[in-house]
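Structural overview for review
So the chains spell out like this:
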Amino acid sequence: MEKLLIFDYDGTIHETMRIYEPAFRSTFAWLMENGWAKEREIPARQVAGWLGMNSREMWQSFLPELPEPVQRKAAAMTGHVMAEGIRAGKAAWYPGAEEALDRLKAEGYTLVVLSNCRVEYRRTSWEVFGMGKWFSEFYDCETYGFAPKTEIIREVEKKYGPPSAVIGDRRSDLDCAKAAGCLFIGCAYGFGTSKELEGASALAESVRELPELASRLLLNNKI
């Protein structure tokens, strides 16, 4: 059986606020210009809290009164600006992420990404960051009709078998691990709250801690 680790992307590997906040604020400015939204203060903390939701959930949560076609356009605009930011070199992974992934690959793990992101974002990230060096596949939610991770993980299992652990920073990642009946490593350095990660098998304070935590958990099945 493969030693399979399923990674979230944003807030787990990718320090996404560098490109997400400017992309969101650009879209919100467009909404105000076109009379779909009124000017208001939106703290960075609130913006960061949307990372981990899929784009439909985010806009439904933020502006539920927006007509669905406008929500879809806003989501697509935000995603496109994010992809442009990646191509322009404005995106970055957490310091130590590449080294952590190098170690996990060297220790024989199969690595897969499962993210609540859109197709363009997934393709751009894969290409620009050379993710094929570490990951066997990158699953995005748009390909599956914005289904929750708890459903998409079944597609991962069909191809790779049951995962050893899910690694992520949000409640959706913990729920994903529960659905798969596997361990969960919560990333306390990401965008989730401590309450969201209650029940994790272990907590990482830095991406650099992931290889050791994974090895220890899977060896002992406990900390």
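Residues numbered from 1 in each chain as written. Predicted model: local features only at pLDDT ≥ 70, side-chain atom pairs only at ≥ 80, totals over all residues. Heavy atoms only, no water.

Here helix α1 (residues 17-33) spans 24 Å end to end across 17 residues, near enough to the 24 Å set by a 1.5 Å rise per residue. Within α1 the residues assigned to the buried category are Met17, Ile19, Tyr20, Ala23, Phe24, Thr27, Phe28, Trp30 and Leu31. The buried residues of α1 occupy an angular sector of 165 degrees when projected down its axis, which confines them to one face. Where α1 is buried, its residues meet α2 (44-49), α3 (55-62), α4 (68-87) and α6 (119-128). Once α1 ends, the next one or two residues include glycine 35, with phi positive near 80 degrees. (Helix = DSSP H or I, 4+ residues; strand = E, 2+ residues; numbered from the N terminus. Expected span 1.5 Å × (residues − 1). Buried < 20%, exposed > 50% of the residue type's maximum accessible area, 1.4 Å probe, protein only. Arc of directions from axis to C-beta. Contact = heavy atoms within 4.5 Å.)

Once that is clear, we can look at the sheet that holds strand β2 (residues 109-115). Strand order in the open sheet formed by 6 strands is β3-β2-β1-β4-β5-β6, and the pairing between neighbours is parallel. Each of the sheet's edge strands pairs with one partner strand only, and the pair in question is β3 (135-140) and β6 (202-204). Going across the sheet, the axis of each strand differs from the next one's by a mean of 20 degrees, ignoring polarity. Both strand β1 (residues 3-7) and strand β4 (residues 165-168) contribute to a ladder of 3 bridges, which runs parallel. Bridge pairing in β4 places isoleucine 6 opposite valine 166. (Pairing = 2+ DSSP bridges. Axes fitted to C-alpha atoms, helices over the stretch in contact; angles between N-to-C directions.)

Summed over the entire model, instances satisfying the criterion amount to 15 aromatic pairs. Arranged with centres 6.3 Å apart and planes meeting at 25 degrees, the rings of tyrosine 139 and tyrosine 144 form a pair that is stacked. The class of tyrosine 139 is buried, set by a relative accessible area of 5%. In this structure, lysine 3 packs its charged tip against the face of tyrosine 109, placed 4.4 Å from the ring centre. (Phe/Tyr/Trp six-rings, centres within 6.5 Å; stacked < 30°, edge-to-face > 60°. Lys NZ or Arg CZ within 6 Å of the ring centre and 35° of its normal.)

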